Number of protein chains: 2
Amino acid sequence: MSEPIKKGNIAQAPTPQNTPASVSGSYLKNAPLPTIPSTIKEDDELHKKLLANPAILSMIEGKLNTLVGTDSGYVKALPPKIKNRLYGLKALQQTQFKLEAEFQMELLNLEKKYHEKHLPIFQKRKRIVLGSLEPTTEEIEEGQALMGEEEDEEEEEQDEAKSEIDETLKDVKGIPSFWLTAMENLGPIAELITDRDSEALNHLIDIRLEYFDALGFRLVFEFEENEYFTNKQLVKTYYYQKELGYSRDFVYDHAEGCDIKWKDNDHNLTISVEKRKQRNKHTKQVRTIEKLTAVDSFFNFFTPPQPTKPEEEEEEKDEEEDSEEEEEEEGALEEKLQLDYEIGELFKDKLIPRAIDWFTGYALEYEYDEGEEEEFDDDEEDSEEEESDDADGSDSDDSDADEDAGAAKAQPAECKQQ
Amino acid sequence: MSEPIKKGNIAQAPTPQNTPASVSGSYLKNAPLPTIPSTIKEDDELHKKLLANPAILSMIEGKLNTLVGTDSGYVKALPPKIKNRLYGLKALQQTQFKLEAEFQMELLNLEKKYHEKHLPIFQKRKRIVLGSLEPTTEEIEEGQALMGEEEDEEEEEQDEAKSEIDETLKDVKGIPSFWLTAMENLGPIAELITDRDSEALNHLIDIRLEYFDALGFRLVFEFEENEYFTNKQLVKTYYYQKELGYSRDFVYDHAEGCDIKWKDNDHNLTISVEKRKQRNKHTKQVRTIEKLTAVDSFFNFFTPPQPTKPEEEEEEKDEEEDSEEEEEEEGALEEKLQLDYEIGELFKDKLIPRAIDWFTGYALEYEYDEGEEEEFDDDEEDSEEEESDDADGSDSDDSDADEDAGAAKAQPAECKQQ
């Protein structure tokens with residue numbers, strides 16, 4: 001299993017409260033300076049042990065100031081013999097990394113192997129959703145028993161009301177809006193879906209996971225024919241770095257999307273089109289100009305943010321010096337990348353394996369145990385409004401580009417999740 | 001890898017904001033009642049699709065009230081044919097569970113296999129920590145190069161100061177206080193360690209992970225001879241449930257500790273001893289009474305909280321009706337269990353594999369990426385004081401038990417983490 005959101009080697013430096021100063025403090029809390037406390041003197045054995053403790057000794061010898069405040073003061077202050085042993089341990093730990101990488105590769109292969117074993121199940125699911133296969137009586141009874149446990153008993157009351165609907169719906173094939181409904185129940189994914197998006201996502205007929213030879217995974221969104229785009233499927237591919245992260249997991253390298261072949265600008269869900277009439281001053285001819293603005297849309301998921309390459313970063317730094325702005329930009333990019341990887345994992349680890357439970361909402365019962373999902377939020381409408389305000393402000397440079405199809409590719413000013 | 005803290009089937013019920021009402025809302029947000037909106041009428045194809053959508057249809061037919069407010073209203077309101085397909089999918093999902101359990105068993109075996117491969121490395125580490133093996137020149141140089149990257153360059157300044165210490169320490173064997181220092185750097189573990197504990201933990205010479213035939217793992221804390229207890233090792237064993245959790249991971253069943261054979265009450269770190277003189281009214285003889293009170297201590301880790309068994313819970317509920325208090329108690333137990341499992345995972349997944357980096361503090365740089373560790377906190381002293389206030393208040397029933405060695409086994413009123 002890969003790390004959910006960690007990315008590259010962006011590690012936060014330890015803060016004064018959590019590192020050595022306080023450590024050597026608690027490590028040494030029984031040895032107030034400058035003399036050995038009386039409670040310790042009472043116990044000869046302990047006394048000897050404490051004197052054998054190099055950090056305590058160095059404290060006793062008045063070296064406190066050389067330790068506290070420096071980053072790993074207590075390590076630096078240790079005598080060479082002990083430091084050498086620490087170096088030895090560090091080298092020894094390095095030999096673990098190879099084993100850990102081997103383990104992760106075997107784990108990935110194990111995941112692939114079980115993914116293969118799952119395929120017939122997912123293919124059958126697809127056929128039921130599309131209506132090309134009906135479940136057997138046994139399956140229906142089993143599922144009913146399983147779902148019965150999850151439901152209240154008030155069901156029968158509604159039977160009468162339903163029969164009217166039944167009549168109208170007797171020819172409906174499969175389970176309409178299956179994937180859209182499942183996605184609408186998974187908070188962080190639902191937040192990406194606009195009203196316009198959901199019309200297009202009604203044509204989503206399957207979402208599946210694929211592995212490939214390189215390190216990573218691929219999400220394939222299969223669509224039936226629709227009025228928005230001509231693609232039969234939209235694909236998002238996530239790549240891992242070759243080197244494992246410090247916690248022995250794969251770390252994301254980058255993601256790749258795909259070109260969506262929108263039928264026309266009016267059906268391109270990632271832009272808004274404003275039509276204006278313009279009269280040529282000389283010819284007096286009137287022509288219509290389309291002003292395209294990048295807007296929030298789930299379909300921006302297929303134009304993922306790209307991490308800055310280390311070299312690029314260096315170059316940029318050399319050129320300009322307004323580093324505060326840059327850092328802010330980097331922070332925003334960091335957040336976008338993190339969200340993009342998170343959404344990928346939600347599809348891979350939650351939505352695809354438990355789609356029926358996301359459709360019914362049953363899977364939600366298991367969401368709030370873990371704390372990390374606390375940001376789940378349903379006020380999409382609100383955040384969308386906020387969003388457009390933002391876009392008018394800081395990031396409107398691109399939005400005047402007339403008839404610029406490229407605008408569709410520009411990322412909206414900020415992601416809704418913020 | 002097992003789930004960090006989830007336990008049993010304690011699932012939080014979905015709240016009105018995140019479940020069906022809002023779902024059917026967004027699912028249907030393009031179909032205001034009671035007529036089909038004009039924007040949709042414009043597109044015949046879309047119109048047809050929307051009519052094929054059973055939820056929209058049922059809305060149009062005025063069934064809104066039967067849907068909103070009920071827990072999975074939109075599912076219940078679906079016509080039998082579609083519900084049957086949902087049942088079919090539910091039954092189909094059930095067939096995944098067997099595969100998922102197989103996968104987790106293979107994963108556990110993979111972890112065991114790689115644990116075996118790691119053993120020589122950890123055994124060598126132990127010997128270096130104890131001083132029975134010195135690292136080679138190559139290892140020292142490699143480790144130095146590795147650590148050099150992590151350190152500042154200010155090192156040389158301190159060389160002079162160190163040489164004095166060196167003289168005093170030339171006979172020190174191994175790396176004194178290695179495990180204690182590593183533990184002191186790992187926040188949630190450090191919070192459990194009191195001043196008195198750290199004296200005993202100076203005698204901790206190895207921590208290692210062991211697997212066994214059942215589902216779970218074992219943490220073995222090896223001690224050199226010391227003045228506190230006679231055990232050569234203290235063991236904590238974690239057991240997983242046979243059934244996987246909803247997220248396809250093992251779920252903790254319970255943990256078992258071990259009896260610590262304290263040399264005497266004064267050295268028992270899990271109790272505080274207050275000596276009082278008492279004169280017999282009749283014989284006028286004076287005798288000393290020891291009042292024992294359970295106190296916070298890392299060593300309570302070996303007397304883990306026990307989950308309530310489902311049957312017990314039932315019985316209790318039948319007997320007494322003051323359910324509010326009970327719920328509070330259950331909540332406190334839940335938190336204790338969660339912390340106990342979390343601490344076990346920290347030893348297993350973080351401290352043991354990266355002990356040298358926890359000793360130096362380097363591992364801390366990787367802690368703050370993940371958000372979950374935000375509670376890291378160093379004001380142990382403070383929280384301890386709060387703690388004793390608490391103990392005086394609500395939970396003092398047991399604390400008067402004179403000469404009751406069993407008091408050592410009683411859990412302190414509350415865990416420090418709260």
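This text goes with the structure placed above it.
Residues numbered from 1 in each chain as written. Chains lettered and ligands numbered in written order. Predicted model: local features only at pLDDT ≥ 70, side-chain atom pairs only at ≥ 80, totals over all residues. Heavy atoms only, no water.

Participant: Lay out the overall build of chain A in plain terms, naming residues and giving numbers.
Facilitator: Tallying secondary structure elements over chain A gives 16 helices and six strands in all. Considering chain A as a whole, with its 418 residues, one finds that 50% of them fall into the buried category. Sequence separation of at least 24 residues holds for 65% of the intrachain contacts in chain A that already meet a minimum separation of 6. Per element, the accessible surface of chain A, about 20,500 Å² overall, is 47% carbon and sulfur. (Helix = DSSP H or I, 4+ residues; strand = E, 2+ residues; numbered from the N terminus. Buried < 20%, exposed > 50% of the residue type's maximum accessible area, 1.4 Å probe, protein only. Contact = heavy atoms within 4.5 Å. Areas by Shrake-Rupley, 256 points an atom, 1.4 Å probe, with all protein chains shown as cover.)

Participant: Report on helix H10 (residues 178-185) of chain B, specifying residues and quantitative values.
Facilitator: Across the eight residues of H10 of chain B, eight count as buried, placing the element largely inside the fold. Residues of H10 of chain B that are buried include every one of Phe 178, Trp 179, Leu 180, Thr 181, Ala 182, Met 183, Glu 184 and Asn 185 of chain B, and no others.

Participant: Any chance you could break down the nonpolar core for me, citing the residues and the numbers?
Facilitator: Phe 221, Phe 299 and Phe 347 of chain A together with Phe 221, Phe 299 and Phe 347 of chain B are the most contacted members of the largest nonpolar core, which totals 150 residues. Beyond its immediate stretch of four places on either side in the chain, Phe 347 of chain B contacts Met 183, Ile 189, Ile 207, Leu 219, Phe 221, Phe 298, Phe 301, Ile 352 and Pro 353 of chain B. (Core = buried A, V, L, I, M, F, W, Y, C linked by side-chain atoms within 4.5 Å.)

Participant: Would you mind going over helix H7 (residues 80-130) of chain B in detail, with residue names and values included?
Facilitator: All names here are of chain B. Between the first and last C-alpha of H7 there are 71 Å, a value that for 51 residues agrees with the 75 Å anticipated at 1.5 Å per step. Along its length, H7 shows its largest kink, about 40 degrees, at His 118, and proline Pro 120 lies within four residues downstream of that point. Taken from the residues just after H7, Gly 131 is the one with a positive phi, measuring 90 degrees. (Expected span 1.5 Å × (residues − 1). Bend = angle between axes of the 7 residues up to and from the residue.)

Participant: Run through the packing of aromatic side chains, naming residues and quoting values.
Facilitator: Using the criterion set out here, one finds 60 aromatic pairs over all chains in the structure. Aromatic side chains Tyr 246 of chain A and Tyr 366 of chain B sit 4.1 Å apart centroid to centroid with 15 degrees between the ring planes, which places their arrangement in the stacked category. Here Tyr 366 of chain B lies in the loop between helix H15 (355-360) and helix H16 (380-393) and Tyr 246 of chain A lies in the loop between strand S3 (233-240) and strand S4 (252-256), a pairing that spans two chains. Judged by its relative accessible area of 15%, Tyr 246 of chain A is buried. Residues Tyr 238 of chain B and Tyr 341 of chain B carry aromatic rings whose centres are separated by 6.2 Å and whose planes lie at 65 degrees to one another, so their mutual orientation is edge-to-face. Separated by 103 residues along the polypeptide, Tyr 238 of chain B in strand S3 (residues 233-240) and Tyr 341 of chain B in helix H14 (residues 323-351) bring together distant segments of the chain. Of the two residues examined, Tyr 238 of chain B and Tyr 341 of chain B, each falls in the buried class. Aromatic ring contacts, followed pair by pair, group Phe 221, Phe 223, Phe 229, Trp 262, Phe 298, Phe 299, Phe 301, Phe 302 and Phe 347 of chain A into a single cluster. Directly above the aromatic system of Phe 301 of chain A lies the positively charged group of Lys 236 of chain A, at a separation of 3.4 Å from the ring centroid. Here the basic side chain of Arg 354 of chain A rests over the ring of Tyr 246 of chain B, its NZ or CZ set 5.0 Å away from the ring centre. (Phe/Tyr/Trp six-rings, centres within 6.5 Å; stacked < 30°, edge-to-face > 60°. Lys NZ or Arg CZ within 6 Å of the ring centre and 35° of its normal.)

Participant: Help me get a handle on the pattern of salt bridges, residues and values and all.
Facilitator: Taken as a whole and assessed by the stated rule, the structure comprises 30 salt bridges over all chains. One salt bridge in this structure joins Glu 100 of chain A and Arg 354 of chain B, with 2.9 Å as the shortest N-O distance. With Glu 100 of chain A in helix H7 (residues 80-130) and Arg 354 of chain B in the loop between H14 and H15, the pair connects residues from two separate chains. With respect to class, Glu 100 of chain A is no different from Arg 354 of chain B; both count as buried. Here the salt bridges do not stand alone but share partners, grouping Lys 126, Asp 206, Arg 208, Glu 210 and Glu 222 of chain A into one network. (Salt bridge = Lys/Arg side-chain N within 4 Å of Asp/Glu carboxyl O.)

Participant: Describe in detail the sheet that holds S4 of chain A, supporting the description with residues and values.
Facilitator: Residue and element names in this part refer to chain A. Reading across the sheet, the four strands line up as S1-S2-S3-S4 and stay open at both edges, with antiparallel pairing between neighbours. At either margin of the open sheet sits one strand with a lone partner, and together these are strand S1 (204-210) and S4. Pairwise comparison of adjacent strand axes, ignoring direction, gives a mean angle of 15 degrees for this sheet. Taken together, the seven bridges between strand S2 (residues 216-223) and S3 define a ladder with antiparallel strand orientation. (Pairing = 2+ DSSP bridges. Axes fitted to C-alpha atoms, helices over the stretch in contact; angles between N-to-C directions.)

Participant: Outline the environment of Val 220 of chain B, listing residues and values.
Facilitator: With respect to the helices and strands, Val 220 of chain B occurs in strand S2 (residues 216-223). Sequence separation between Val 220 of chain B and Asp 206 of chain B is 14 residues, and the spatial gap between their C-alpha atoms is 7.9 Å.

Participant: Could you give an account of the sheet that holds S3 of chain B, naming the residues involved and the relevant values?
Facilitator: All names here are of chain B. Pairing within the open sheet is antiparallel, and its four strands lie in the order S1-S2-S3-S4. In the strand order of this sheet, the two ends are held by strand S1 (204-210) and strand S4 (252-256), each with one partner. Going from strand to strand, the sheet's axes swing by 15 degrees on average, the running direction of each strand aside. Bridge count for S3 against S4 is four bridges, and the pairing is antiparallel.

Participant: Describe the pairing of strand S5 (residues 271-279) of chain B, and please don't skip the residues or the numbers.
Facilitator: Residue and element names in this part refer to chain B. Sheet topology note: the S5/strand S6 (residues 286-294) ladder contains nine bridges and is antiparallel. Counterpart to Arg 279 in the pairing with S6 is Val 286. What sits between the antiparallel neighbours S5 and S6 is a turn of six residues, in which Lys 284 has the positive phi angle 65 degrees.

Participant: Give a description of the packing of H7 of chain A against H7 of chain B that names residues and reports values.
Facilitator: For any two helices packed against each other, one specifies the crossing angle of their axes together with the interaxial distance. Running from N to C, H7 of chain A and H7 of chain B cross one another at 170 degrees; their axes reach a closest spacing of 10 Å. As the angle between them shows, H7 of chain A and H7 of chain B are arranged roughly antiparallel. (Parallel < 35°, antiparallel > 145°, perpendicular 65-115°, else oblique.)

Participant: Account for unusual backbone geometry, naming residues and giving values.
Facilitator: Unusually for a residue other than glycine, Arg 248 of chain A sits at a positive phi of about 70 degrees. Counting through the fold element by element, Arg 248 of chain A comes out in the loop between S3 and S4. Not every positive phi belongs to a glycine, and Ser 177 of chain B is a case in point at roughly 55 degrees. Note on placement: Ser 177 of chain B falls in the loop between helix H9 (159-169) and H10.

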